[in-house]
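Breakdown of the fold
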Amino acid sequence: MSIPNDFVVQTTGLSKTYPGTATPALTDISLEVSRGEIVVLLGLSGSGKSTLLRHIDGLETPTSGSVTSLGERVDALKGRELRELRGKIGFIFQQFELVGPLTVLENVLTGALSTLTGPRLGIWTYPKSLRRKALEHIDRVGLLERAYQRADTLSGGQQQRVAIARALMQDPEILLADEPVASLDPESSDQVMSLIREIAAERALTVVCSLHQVDLALSWGDRIVGLRGGAVVLDTPTEALSKDQVMEIYGRVAVSTSEIQAVEVELAEAREQVRAGVTRRAAERFAQDSASEEPA
Ligand SMILES: Nc1ncnc2c1ncn2[C@@H]1O[C@H](COP(=O)(O)OP(=O)(O)OP(=O)(O)O)[C@@H](O)[C@H]1O
Ligand SMILES: [Mg+2]
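Anyway, here's the lowdown on the structure attached to this text. Given the structure is predicted, the values throughout are model-derived calculations rather than measurements.

Some words on the overall build of the chain
A count of helices and strands for the chain gives 9 helices and 10 strands. Counting over 296 residues, the chain shows a buried share of 33%. Counting contacts in the chain only where the partners sit at least 6 residues apart, residues at least 24 apart contribute 69% of the total.

Structure below.
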């Protein structure tokens, strides 16, 4: 089924309430993403970023509303059709999700598993054409000299680059990235984000990437979609945003700084009270134990 417009991703009135929960994770999200766009989902923890990404990939089913990815109604697909659609959508995660004891090359090859039948054990069981393709992707992310190194011996930034190479094995049309740089230092974050941007431009990839850092969102996104409490509170191109507008984004996406500070102070006090209580009880117990001990 094709849709009569050029949107690569489109959600209409998408709402999601997880079973057993009272508060919706997403409320009435209508979002359209064009081919080649780099959209950053920006929001605090719990604002619904991962939930939205998972709907685009068909990993979750909406409570109401619809999700269309690459012209297919994701929420209506099942089985083989859903797997085929997912094959065109690459996904990278905050924790990279590599198989640590396997080499970089083996990890990247697993990105092609959806195109193969039967299990694969070791690189020699993959067709030569795929091995060559994997090495090309590893070269593209700048890690060719580490192709035979165990993945868990790489730095975080390198591991995320391996995850990007693995996603490329699918020849994806959409790349979803869920906080891809949240575990990385600022320099590696910049490297990974610029790599994602370059590769997206080379392959006309559409990227939807969640981030919680406003500065990164502004530098790397074409467009920012701000989420708060499961609702879209902002949808704006990043081009020509003024400093004031940036500050306003902080205000809309986050609760106010004073609110955050107040909560932090309260939490610290509560922790202190618990700690003091534990210490007091331990001291009382020690005093009791000492009193009941027979003198030597
Ligand atoms: N499987 C689940 N079952 C029940 N509730 C869930 C589930 N997954 C997410 N939620 C809830 O849905 C809301 C949105 O969560 P989500 O993980 O999408 O937020 P997020 O913006 O990705 O947060 P973070 O920045 O911490 O990753 C939260 O209130 C969360 O507790
Ligand atoms: Mg998340």
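Things to note about the pairing of strand S8 (residues 206-211)
When you tally the buried positions in S8, you get 6 out of 6 residues, the bulk of the element. Residues Thr-206, Val-208 and Ser-210 of S8 are buried on one face, and the alternating residues Val-207, Cys-209 and Leu-211, pointing to the opposite face, are buried as well. Note that strand S3 (residues 38-42) and S8 share 5 bridges and pair parallel. Bridging from a neighbouring strand, Val-39 pairs with Val-208 of S8. Handedness of the crossover joining strand S7 (residues 174-178) and S8 through helix H6 (residues 186-203): right-handed.

Overview of the environment of Gly-229
Positionally, Gly-229 belongs in the loop between strand S9 (223-228) and strand S10 (231-237). A residue is classified by how many C-beta atoms lie within 10 Å of it, and Gly-229, with 16 of them, is partly exposed. Placed 181 residues apart in sequence, Gly-229 and Gly-48 show a C-alpha to C-alpha distance of 6.9 Å.

Some remarks on the site of ligand 1
Around ligand 1, the neighbouring residues are Tyr-18, Thr-21, Ala-25, Gly-43, Ser-45, Gly-46, Ser-47, Gly-48, Lys-49, Ser-50, Thr-51 and His-212. Across the shell around ligand 1, the residue classes break down as 2 nonpolar, 9 polar and 1 charged.

Some words on the sheet that holds S9
For sheets, the rule is that strands pair by backbone hydrogen bonds, running either parallel or antiparallel. On the basis of which strands lie adjacent, the open sheet formed by 6 strands has the order S6-S7-S8-S3-S9-S10 and mixed pairing. Both outer strands of the open sheet, strand S6 (89-93) and S10, are each paired with one neighbouring strand and no more. Each strand axis lies, on average, 15° off the axis of its neighbour in the sheet, ignoring direction. Two strands pair when backbone bridges link them, and S3 and S9 are joined in this way by 4 bridges, in the parallel orientation. Bridge pairing in S9 links Val-40 to Ile-224. Here helix H1 (residues 49-56) sits on the sheet and contacts S3, S7, S8 and S9; the angle it forms with S8, its principal contact strand, is near 155°.

Conventions adopted
Residues numbered from 1 in each chain as written. Chains lettered and ligands numbered in written order. Predicted model: local features only at pLDDT ≥ 70, side-chain atom pairs only at ≥ 80, totals over all residues. Helix = DSSP H or I, 4+ residues; strand = E, 2+ residues; numbered from the N terminus. Buried ≥ 20, exposed ≤ 12 C-beta atoms within 10 Å, placed from the backbone. Contact = placed C-beta atoms within 7 Å. Pairing = 2+ DSSP bridges. Right-handed = clockwise from strand over helix to strand, strands pointing away. Near = placed C-beta within 6 Å. Nonpolar A, V, L, I, M, F, W, Y, C, P; charged D, E, K, R; others polar. Axes fitted to C-alpha atoms, helices over the stretch in contact; angles between N-to-C directions.

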